[in-house]
Amino acid sequence: MSLSQALQAACDLHTKLPAVRDFAPWPSDLQPAVLEPAALPAQSQVAEFEQPGTAATQPLIDALRTAVGQARWTQTYTEAEVGAHFLQNYGYFELFGPTGHFRTTQLRGYIAYWGAGLKYDWHSHEAEELYVVLGGGAQFLTAENESWLAAGDTRLHSGWQPHAMNTGAQPILTYVLWRGAGLEGLPLMGSNRETAA
Ligand code: ZN
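Residues numbered from 1 in each chain as written. Predicted model: local features only at pLDDT ≥ 70, side-chain atom pairs only at ≥ 80, totals over all residues. Heavy atoms only, no water.

(A) View of the overall build of the chain. Counting secondary structure elements, the chain contains six helices and 11 strands. At 15 Å, the chain has a C-alpha radius of gyration in line with the 16 Å of a compact globule built from 197 residues. Counting only C-alpha atoms, the chain reaches 45 × 35 × 30 Å along its principal axes. Looking at the chain as a whole, 49% of its 197 residues are labelled buried. Taking the contacts inside the chain whose residues are at least 6 apart along the sequence as the reference set, 72% of them involve residues at least 24 apart. Placing the 10 positive and 19 negative side-chain charges of the chain at their respective mean positions leaves the two points 3 Å apart. (Helix = DSSP H or I, 4+ residues; strand = E, 2+ residues; numbered from the N terminus. Rg over C-alpha atoms; globule rule 2.2 N^0.38 Å. Buried < 20%, exposed > 50% of the residue type's maximum accessible area, 1.4 Å probe, protein only. Contact = heavy atoms within 4.5 Å. Lys, Arg positive; Asp, Glu negative; His and termini not counted. Charge placed at Lys NZ, Arg CZ, Asp CG, Glu CD.)

(B) Broad picture of the coordination of the zinc ion. At the metal site, the zinc ion is ligated by His125 (NE2), Glu129 (OE), Glu129 (OE) and His163 (NE2), and these contacts range over 2.1 to 2.4 Å. Each of the four donor atoms bound to the zinc ion contributes to angles spanning 57 to 145 degrees, and the resulting shape is irregular. (Donors = N, O, S within 2.8 Å, 3.2 Å for Na, K, Ca; no water. Tetrahedral: all angles 85-135°; square planar, octahedral: opposite > 155°, others 65-115°.)

(C) Layout of the nonpolar core. Core analysis: the largest hydrophobic core is formed by 36 residues, its most contacted members being Leu60, Leu95, Leu134, Leu173 and Tyr175. Elements with a contribution of two residues or more to this core: helix 1 (3–16), helix 2 (18–23), helix 4 (58–67), strand 2 (90–97), strand 4 (108–114), strand 6 (128–141) and strand 10 (172–179). The element best represented in this core is helix 1, accounting for six residues. When near neighbours in sequence (up to four residues on either side) are disregarded, Leu134 contacts Leu13, Pro52, Gly53, Thr54, Thr57, Leu60, Ile61, Leu64, Ala151, Leu173, Thr174 and Tyr175. (Core = buried A, V, L, I, M, F, W, Y, C linked by side-chain atoms within 4.5 Å.)

(D) Local environment of the pairing of strand 8 (residues 154–157). By the alternation rule, side chains of strand 8 split into Arg155 and His157, which are all buried, and Thr154 and Leu156, of which none is buried. Across four bridges, strand 6 lies against strand 8 in antiparallel orientation. Its bridge partner lying in strand 8, Val132 is registered against Thr154. (Pairing = 2+ DSSP bridges.)

(E) Up close: the packing of aromatic side chains. Applying the stated criterion across every chain, the model contains 14 aromatic pairs. Their ring planes at 75 degrees and their centres at 5.1 Å tell us that Tyr131 and Phe140 sit as a pair that is edge-to-face. Residue Phe140 is classed as buried on the basis of its relative accessible area, which comes to 1%. Connected via pairs of aromatic rings, a cluster forms that spans Tyr77, Phe86, Tyr90, Trp114, Tyr120, Tyr131 and Phe140. (Phe/Tyr/Trp six-rings, centres within 6.5 Å; stacked < 30°, edge-to-face > 60°.)

(F) Geometry of the environment of Thr105. By the element assignment, Thr105 lies in the loop between strand 3 (102–103) and strand 4. Residues Thr105 and Asp29, spaced 76 residues apart in sequence, show a C-alpha to C-alpha distance of 7.7 Å.

(G) Structural detail: the packing of helix 1 against helix 4. It is the contact of helix 1 with helix 4, at a shortest axis distance of 9 Å, that shows an interaxial angle of 165 degrees. Between helix 1 and helix 4, the angle is such that the two are roughly antiparallel. Handedness of the helix 1/helix 4 crossing: left-handed. Every residue of helix 4 that contacts helix 1 at Leu3, Gln5, Ala6, Ala9, Ala10, Leu13 and Lys16 is listed here: Pro59, Leu60, Ala63, Leu64 and Ala67. Counted by class, the contact of helix 1 with helix 4 contains 10 nonpolar, one polar and one charged residues. (Axes fitted to C-alpha atoms, helices over the stretch in contact; angles between N-to-C directions. Parallel < 35°, antiparallel > 145°, perpendicular 65-115°, else oblique. Left-handed = near helix turned anticlockwise from the far one by under 90°. Nonpolar A, V, L, I, M, F, W, Y, C, P; charged D, E, K, R; others polar.)

(H) View of helix 4. Turning to helix 4, its buried residues are Leu60, Ile61, Ala63, Leu64 and Ala67. The arc enclosing the buried residues of helix 4, seen along the axis, measures out at 165 degrees, which places them on a common side. In this structure, the buried residues of helix 4 make contact with helix 1, strand 2, strand 4, strand 6 and strand 10. (Arc of directions from axis to C-beta.)

(I) Inspection of the environment of Val133 at higher detail. Looking at the element boundaries, Val133 is found in strand 6. For Val133, a relative accessible area of 0% translates into the label buried. The spacing of Val133 and Ala112 is 21 residues in sequence and 9.7 Å in space, taken between C-alpha atoms.

Structure (structure tokens):
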């Protein structure tokens, strides 16, 4: 499979999950871009990802498992921020968006993976965000809420709302959408509950 098939599976997911449909319309200006693949240690874990999805999310998991080698895997954080173990077991790529494999200025769609037993500390960003758990699960934290999200569950974060995430015995594969102001920004670590504006 190719990243085009992953994009098609993401588009299909858009029609199946009301939370995704309500977050933003599917972009109308998508254009394929030439983006060289870049490998990260975690991508083999995505190729072998065995946590089940739901009927809605499984087609995207299946497409990703076979297309991961074509993706430009990225890490936002440094070893000083999150440690070497975290970087060996985490990665994401921008499927579509301002700098993604498919270009659009309307919405940003990431595929992001975290291995088991990781603590993703408090961070925030300007863009509003919708997490969709494709498979696996994790504890999602905000100042107001701590809950375990599993395949098919979604979580909305408002602009600059600090959030954190911890995986347990399972890894997690997510589809993350950004909308609105700050679409081209990056998340910043350390915006914890005490220092967040
Ligand atoms: Zn976020």
